[in-house]
Amino acid sequence: MTASQRRWSLLALAGLPLLVIGAAAAFAPRLPGTVLAAVEAPSPPASAPDPPAAPVMVLLPSEPNLPLAADGRHYPLVPSDPQVVAELLVSLEEALRSPDTSSESLPALGHQHQVILRVLAVREGQAQEVRRRLPPRWQAVLDHHLGARRAFLSMRRRGPGSATLPAWRIVAPEPAENLLRYYRSAAAATGIDWEVLAAVNLVETGMGRIDGVSVADARGPMQFLPTTWAQPGVGKGNIRDPHDAIHAAARYLVRRGGLKDIRKGLWGYNNSDYYGKAVLHYAALLREDPAAYTGLYHWEIHFASNAGDLWLPVGYSQTKPISVALYLQRFPSSAPPAVNRGG
């Protein structure tokens, strides 16, 4: 039995149903209880004697009765069995780094990856069991993800989440290669590591997915206060333009002492040691494994509410705050499924 077949068998045993995503649909059997995100490896040149490689399959847990978002996807599920989660996580990490993974499969794979990590961050016992079953390479990756997520959770006030959702639009971000070029050009111009800039962009707006104004009046993909943007030598161009905002963030971090102590620089973004810790976990992950960027780029926007960890997909658009209850009446696909809840 191959590694991929073993992962398939484990997911089938988890008791969740099967959907096939991608070009390999014709090749996939309809096993009860699993979802397949199928990724097809490229065919060899016409002159090659060998037949095309078999499609690479990544199995995503599914439930046919869950409500669907506008793009046809449902909220990702996290199985309770640590071995199943470990196998799934390895499959996702590998697929998100593989050049053979189709671009059409990446959003579903990235979102599944993200939700597993968000759930494990609050299920400490399950997280320990999952980690124990991972190869050392992926244990280190998991440590960065959970370290970052738990640092952000430490910043929250205790008690139920918000009863209202913000007046945001959630939009598709600029192409990943464009953002990477902006991070690197800003790093070359200022000396602030591109990985730090990518991490700030990720935690502030999901790499530009959030188009809105924060409660503190911060705006744009790097969440600048207009007064900070107006400081001499910081803001140039358009506060909402990704290129201009990323370069401004690099200049701001320099001004705040980031070349000598990046933690001090990050304090200017958010006066919390937890914030700096989280950003630096993501930056370290990218530094140690630049291919992790693809997975982070495909994460979605989630919001801590009194109804749980709500998914706000691309297309979410509210001109004023809306109650969670009313929003979920209209868009039930944003609510976390019962299997994901609890810590």
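Before any of the text, the structure's been laid out above.
Residues numbered from 1 in each chain as written. Predicted model: local features only at pLDDT ≥ 70, side-chain atom pairs only at ≥ 80, totals over all residues. Heavy atoms only, no water.

1. Some words on the pairing of strand β8 (residues 308-312)
Consecutive side chains along a regular strand alternate between the two faces of the sheet.
So, point 1. The element β8 is extensively covered by neighbouring structure, given that four of its five residues are classed as buried.
So, point 2. Here five bridges tie strand β7 (residues 301-305) to β8, and the two strands are oriented antiparallel to one another. Bridged to Phe-303 within β8 is Leu-310.
So, point 3. Where β7 folds back onto β8 in an antiparallel hairpin, the turn is made up of two residues. (Buried < 20%, exposed > 50% of the residue type's maximum accessible area, 1.4 Å probe, protein only. Helix = DSSP H or I, 4+ residues; strand = E, 2+ residues; numbered from the N terminus. Pairing = 2+ DSSP bridges.)

2. A closer look at the environment of Val-84
So, point 1. Examined against the element boundaries, Val-84 turns out to sit in helix α2 (residues 82-97).
So, point 2. Relative accessible area serves as the criterion here: at 2%, Val-84 is assigned to the buried category.

3. What to know about the side chain of Thr-205
So, point 1. Among the structural elements, Thr-205 can be located in helix α7 (residues 194-205).
So, point 2. When sequence neighbours within four positions are dropped, the list of residues in contact with Thr-205 reads Ile-210, Gly-220, Pro-221, Gln-223 and Ile-301. (Contact = heavy atoms within 4.5 Å.)

4. Examining the packing of helix α4 (residues 124-132) against helix α5 (residues 136-155)
So, point 1. At their nearest, the axes of α4 and α5 sit 10 Å apart, and the two run at 160° to each other. On the basis of the axis angle, α4 is roughly antiparallel to α5. At the point where α4 passes α5, the crossing takes the left-handed sense. Each of Glu-124, Ala-127, Arg-131 and Arg-132 in α4 lies in contact with α5, whose residues at this interface are Gln-139, Leu-142, Asp-143, Leu-146 and Arg-150.
So, point 2. Its residues assigned to classes, the contact of α4 with α5 shows three nonpolar, one polar and five charged. (Axes fitted to C-alpha atoms, helices over the stretch in contact; angles between N-to-C directions. Parallel < 35°, antiparallel > 145°, perpendicular 65-115°, else oblique. Left-handed = near helix turned anticlockwise from the far one by under 90°. Nonpolar A, V, L, I, M, F, W, Y, C, P; charged D, E, K, R; others polar.)

5. A closer look at helix α11 (residues 273-288)
So, point 1. Here α11 spans 22 Å end to end across 16 residues, near enough to the 22 Å set by a 1.5 Å rise per residue.
So, point 2. Within α11 the residues assigned to the buried category are Tyr-275, Gly-276, Ala-278, Val-279, Leu-280, His-281, Tyr-282, Ala-283, Ala-284, Leu-285 and Leu-286.
So, point 3. The backbone nitrogen of Tyr-274 has a side-chain oxygen 3.1 Å away, supplied by the residue at the start of α11, namely Ser-272. (Expected span 1.5 Å × (residues − 1). Polar contact = N/O pair within 3.5 Å; in protein donor to acceptor, adjacent residues only side chain to side chain.)

6. Focus on the packing of aromatic side chains
So, point 1. Using the criterion set out here, one finds 13 aromatic pairs in the structure.
So, point 2. Both rings, one in Trp-168 and one in Phe-303, keep their centres 6.0 Å apart while their planes meet at 85°; by these two values the pair is edge-to-face. Remark: Phe-303 occurs in strand β7 and Trp-168 occurs in strand β5 (residues 168-170); sequence separation between them is 135 residues. Each member of the pair Trp-168 and Phe-303 is classed as buried.
So, point 3. Geometrically, the ring pair formed by Phe-224 and Tyr-269 is tilted, given 6.1 Å between the ring centres and 55° between the ring planes. (Phe/Tyr/Trp six-rings, centres within 6.5 Å; stacked < 30°, edge-to-face > 60°.)

7. Let's talk about unusual backbone geometry
So, point 1. Non-glycine residue Met-207 carries a positive phi angle of around 60°.
So, point 2. Mapped onto the elements of the fold, Met-207 is located in the loop between α7 and β6 (210-212).
So, point 3. Here Met-207 falls in the buried class, since its relative accessible area comes to 2%.
So, point 4. One non-glycine residue with positive phi stands out, namely Gln-223, at about 55°.
So, point 5. Secondary-structure assignment places Gln-223 in the loop between β6 and α8 (226-229).

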